[in-house]
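# Residue-level structural notes
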Amino acid sequence: MFPESEYERVYTGSLINIQFLQNLLQERGINSITRDDMQSGMIAGFGGGVPDHIQLFVKKNDMDDAIPIIEKSLS
């Protein structure tokens with residue numbers, strides 16, 4: 001069994017949107033991480049993932065602050 005992550009996915013989209021959101025979150029003191037399965041697969045030498053399908057994660061205790069920022073900036 002894998003240990004439960006302290007991070008939760010808050011958005012999936014293109015690299016441009018992810019970088020924009022990361023900057024907004026960082027300005028408000030919220031750290032984030034990304035996961036790009038397509039890039040990971042290419043680096044490892046096999047295909048996989050969906051282009052422009054990058055996932056953005058924040059810590060679970062930052063969710064209440066991060067979600068409104070993301071929703072407002074993308075609406």
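Scroll up to find the structure this text is about.
Notes on the structure in this doc start here. It should be emphasised that the depicted structure is a prediction, and the values quoted were computed from it without experimental measurement.

### Structural notes on the nonpolar core
Proteins that are soluble and globular tend to have nonpolar side chains buried together. Val-10, Tyr-11, Leu-25, Leu-56, Val-58 and Ile-70 are the most contacted members of the largest nonpolar core, which has 14 residues in total. Of all the secondary-structure elements, those providing two or more residues to this core are strand S1 (7-13), helix H1 (15-27), strand S3 (54-59) and helix H3 (63-74).

### With respect to the pattern of salt bridges
Taken as a whole and judged by the stated rule, the model has 2 salt bridges. One salt bridge connects Glu-27 with Arg-28, and the closest N-O pair in it is separated by 3.9 Å. The class for Glu-27 is exposed, based on a relative accessible area of 63%. When its relative accessible area of 48% is taken as the criterion, Arg-28 is described as partly exposed.

### Some thoughts on H1
For H1, which comprises 13 residues, the first-to-last C-alpha distance of 18 Å matches the rise-based estimate of 18 Å (1.5 Å per residue) to within 8%. Of all the residues in H1, the buried ones are Ile-18, Leu-21, Leu-24 and Leu-25. Within H1, the buried residues cover an arc of 130 degrees as seen down the axis, which keeps them to one side. Opposite its buried face, H1 presents the exposed residues Ile-16 and Glu-27, each directed more than 90 degrees away.

### Focus on the sheet that holds S3
As summarised here, the arrangement of the 3 strands in space is S1-S3-S2, forming an open sheet in which the pairing is antiparallel. Each edge of the open sheet is held by one strand with a lone partner, namely S1 and strand S2 (32-35). Adjacent strand axes in the sheet meet at a mean angle of 30 degrees when their direction is disregarded. Direction of pairing for S2 relative to S3: antiparallel, over a ladder of 4 bridges. Bridge assignment links Ile-33 to a residue of S3, and that residue is Phe-57. Packed on one face of the sheet, H1 meets S1, S2 and S3 and runs near 15 degrees to S3.

### Brief notes about H3
Compared with the 16 Å implied by 1.5 Å per residue over 12 residues, the 16 Å span of H3 between its first and last C-alpha is a close match. Buried residues along H3 sit in contact with S1, H1 and S3.

### Observations concerning the packing of H1 against H3
Orientation of H1 relative to H3, taken along the N-to-C sense of each, is 130 degrees, at an axis distance of 10 Å. Regarding the angle of H1 to H3, the classification is oblique. Two packed elements cross with a definite hand, and for H1 against H3 that hand is right-handed. Each of Phe-20, Leu-21, Leu-24 and Leu-25 in H1 lies in contact with H3, whose residues at this interface are Ala-66, Ile-69, Ile-70, Ser-73 and Leu-74. Residues of the contact of H1 with H3, tallied by class, amount to 8 nonpolar, 1 polar and no charged.

So, how was this worked out
- Residues numbered from 1 in each chain as written.
- Predicted model: local features only at pLDDT ≥ 70, side-chain atom pairs only at ≥ 80, totals over all residues.
- Heavy atoms only, no water.
- Core = buried A, V, L, I, M, F, W, Y, C linked by side-chain atoms within 4.5 Å.
- Buried < 20%, exposed > 50% of the residue type's maximum accessible area, 1.4 Å probe, protein only.
- Helix = DSSP H or I, 4+ residues; strand = E, 2+ residues; numbered from the N terminus.
- Salt bridge = Lys/Arg side-chain N within 4 Å of Asp/Glu carboxyl O.
- Expected span 1.5 Å × (residues − 1).
- Arc of directions from axis to C-beta.
- Pairing = 2+ DSSP bridges.
- Axes fitted to C-alpha atoms, helices over the stretch in contact; angles between N-to-C directions.
- Contact = heavy atoms within 4.5 Å.
- Parallel < 35°, antiparallel > 145°, perpendicular 65-115°, else oblique.
- Left-handed = near helix turned anticlockwise from the far one by under 90°.
- Nonpolar A, V, L, I, M, F, W, Y, C, P; charged D, E, K, R; others polar.

That is the geometry; function is a separate question.
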